[in-house]
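Chain by chain, the residues run as shown.
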Amino acid sequence: MVGSVRGVSFADPGSARGPAPSVLHVDMDAFFAAAEVLRRPELRGRPVIVGGTGRRGVVAAASYEARRFGVHSAMAMGRARRLCPEAVVLAGDHDYYREISTRVMGIFEGFTPLAEPLSLDEAFLDVGGARRLLGDPERIAGDIRAQVHDAESLDCSVGAAPNKLLAKLASRAAKPRADRTGLRPGPGVVVVRPGEELEFLWPHPVRALWGVGPATLRGLADLGVQTVGDLAAVPPESLVAAFGKARGRRLAELAQAHDPDPVTPERPAKQMSIEVTFDSDVSDRGELTAEVVRQADVVAGRLRAAGSAAGTVVLKLRYGDFRTITRSRRLPRPISHGVHLAREAKRLLEPLDTSPGVRLVGVAAAGLVAPEGRRLSLLEDPDDDTEATEALDGALDELRGRFGDDIIAPAGARSVAARRGGPPDSGMWGPNA
């Protein structure tokens, strides 16, 4: 079959040759909501929404029964409740989801060592080296789905394609669908075979491409571009003129289904962060400082668990009018101690005006590197006892490893957490009621 989109032709899929579809994208179906139904079987078949349950909460996941009413992730929880008043709304439990995710990722790694997790519920797999032993990508995808279901009683959708861009779009096409007309099961596995790349890609909206955010979308709309096929019809030199050399060329390449990014196992994290949305705006500097200290302590613990240290500390504030500011400081040497991270975060907070009321605060560790050996630096006070600090960190890590992250907190921070409610990650989707 030969087709075209706005005058650009694509070849008969059977006549074209290209790389075999050895890249898989595996995406768990409505993961957080499905995990909650797993431990609450009485909710099966009912609309379930997971996220921040307070008035400023955000939807983290929605079951397909809830999606029938237009509920989706990243939606304000208040709107989700209005769209689906009969939904069961549950606060997110990140630790529980992480436990399941660890087991699921272990299943993926049983098929190939080339597994690149993207989040708790999705990963890329390169199965090129496993095809002779395990079969073609469609069979491998089916076996993955079967093993995940047998081991965890959860469903996933799989896309197989020659590259990551197409594999991710294929997994989306493999998913179930839900709207006002009802629930429709998806195929579970979608394979984009050699020669089918452009026929599959071009009908997609251009926002489906990597890196196409609101600003790029507006610029493409000015060029009359709505679909990837429309983009493919724009001369590359016009894209370079509109978006600059690097972005323009990248858009032209993606429109032709070129994505050279390999599957990279254990891709190092660029940063570690935590943020909390308050149930009501906070202007009290003491309360904000206590929350910043608490977050710095949590981030520091995660750095140590990952064997990393922060080269930069970032503070994020969002005011009640949604104005958002970030402040950062590059450090003289990388750190992973909570007391040092908290000190730098507090310094970033000090000059900021909190009187208008703060809706959200967050602390991030960026510029992650392997921690350096012990030595006094400009960052540390001469009176700091580094050995004592390391001993304290070790004790904290052991306690939290045995009893959970919220078993102990810095002085003053526990009362803040208690007022907010829940463990360290409980604010990631907004406050709970």
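Note that the structure is a prediction, hence the values are computed from the model and not measured.

Asks: With reference to specific residues and values, describe the confidence of the model for the protein.
Replies: Mean pLDDT over the protein: 84, with 80% of residues reaching 70 or higher. Long-range and interchain partners of residues 1–17, a stretch whose pLDDT sits below 50, account for 33 contacts in this model, where long-range means more than four residues apart.

Asks: Go over the sheet that holds strand 14 (residues 310–319), please, and point to the residues and values.
Replies: If you walk across this open sheet you meet the four strands as 13-16-14-15, and the pairing is antiparallel. The open sheet has two edge strands, strand 13 (271–282) and strand 15 (324–335), and neither has a second partner. Taken pair by pair, the neighbouring strands of this sheet meet at an average axis angle of 15°, ignoring direction. Across eight bridges, the pairing between strand 13 and strand 16 (residues 358–366) is antiparallel. Following the sheet pairing, Ile 274 is matched in strand 16 by Val 363. Packed on one face of the sheet, helix 13 (residues 285–305) meets strand 13, strand 14, strand 15 and strand 16 and runs near 155° to strand 13. Strands strand 14, strand 15 and strand 16 of the sheet are contacted by helix 14 (residues 338–349), whose axis makes an angle of about 45° with strand 14.

Asks: Hey, could you go over the sheet that holds strand 6 (residues 88–91) for me, with residue numbers and the actual values?
Replies: Where strands meet in a sheet, backbone hydrogen bonds hold them as pairs that are either parallel or antiparallel. As summarised here, the arrangement of the three strands in space is 5-4-6, forming an open sheet in which the pairing is mixed. Of all the strands in the sheet, the pair left with one neighbour each is strand 5 (59–62) and strand 6. Each adjacent strand pair in this sheet contributes to an overall mean axis angle of 25°, direction not counted. Alignment of strand 4 (residues 48–51) against strand 5, held across three bridges, turns out to be antiparallel. Along strand 5, the bridge assignment pairs Val 50 with Ala 61. Packed on one face of the sheet, helix 1 (residues 31–39) meets strand 4, strand 5 and strand 6 and runs near 115° to strand 4.

Asks: Give a detailed account of helix 1, specifying residues and quantitative values.
Replies: Listing the buried residues of helix 1 in full gives Phe 31, Phe 32, Ala 33, Ala 35, Glu 36 and Val 37. Along its buried surface, helix 1 packs onto strand 3 (23–28), strand 4, strand 5, strand 6 and helix 4 (94–109).

Asks: Tell me about the packing of helix 13 against helix 14, and please be specific about residues and values.
Replies: Look at helix 13 against helix 14: their axes get within 8 Å of each other, and the N-to-C directions meet at 140°. As far as their axial angle goes, helix 14 and helix 13 are oblique. Of the two possible hands of crossing, helix 13 and helix 14 adopt the one that is right-handed. Only Gly 338, Leu 341, Ala 342, Ala 345, Lys 346 and Leu 349 of helix 14 make contact with helix 13, whose side of the interface consists of Arg 285, Leu 288, Thr 289, Val 292, Val 293, Ala 296, Asp 297, Val 299, Ala 300 and Arg 304.

Asks: Break down the pairing of strand 7 (residues 115–119) for me, citing the residues and quoting the values.
Replies: Relative to strand 8 (residues 122–126), strand 7 is paired through four bridges, and the arrangement is antiparallel. Residue pairing in the sheet places Pro 117 in a bridge with Ala 123 of strand 8. The hairpin turn running from strand 7 into strand 8, its antiparallel successor, is two residues long.

Asks: Can you tell me about the layout of surface pockets, naming the residues and giving the values?
Replies: If you add up the space inside the second largest pocket, you get close to 460 Å³. For the lining of the second largest pocket, the elements supplying multiple residues, two or more each, are helix 1, helix 2 (64–67) and strand 11 (182–184). At four residues, helix 1 tops the list of elements feeding residues into the lining of the second largest pocket. Of the residues contributing to the lining of the second largest pocket, the split by class is 11 nonpolar, four polar and seven charged.

The rules behind the values
Residues numbered from 1 in each chain as written. Predicted model: local features only at pLDDT ≥ 70, side-chain atom pairs only at ≥ 80, totals over all residues. Heavy atoms only, no water. pLDDT = per-residue confidence, 0-100. Contact = heavy atoms within 4.5 Å. Pairing = 2+ DSSP bridges. Helix = DSSP H or I, 4+ residues; strand = E, 2+ residues; numbered from the N terminus. Axes fitted to C-alpha atoms, helices over the stretch in contact; angles between N-to-C directions. Buried < 20%, exposed > 50% of the residue type's maximum accessible area, 1.4 Å probe, protein only. Parallel < 35°, antiparallel > 145°, perpendicular 65-115°, else oblique. Left-handed = near helix turned anticlockwise from the far one by under 90°. 1 Å grid on protein atoms, 1.4 Å probe; cavity = no way out; pocket = protein on both sides within 12 Å on 5 of 7 lines; lining within 4 Å. Points joined across faces, edges and corners; volume = space filled by probe spheres on them. Nonpolar A, V, L, I, M, F, W, Y, C, P; charged D, E, K, R; others polar.

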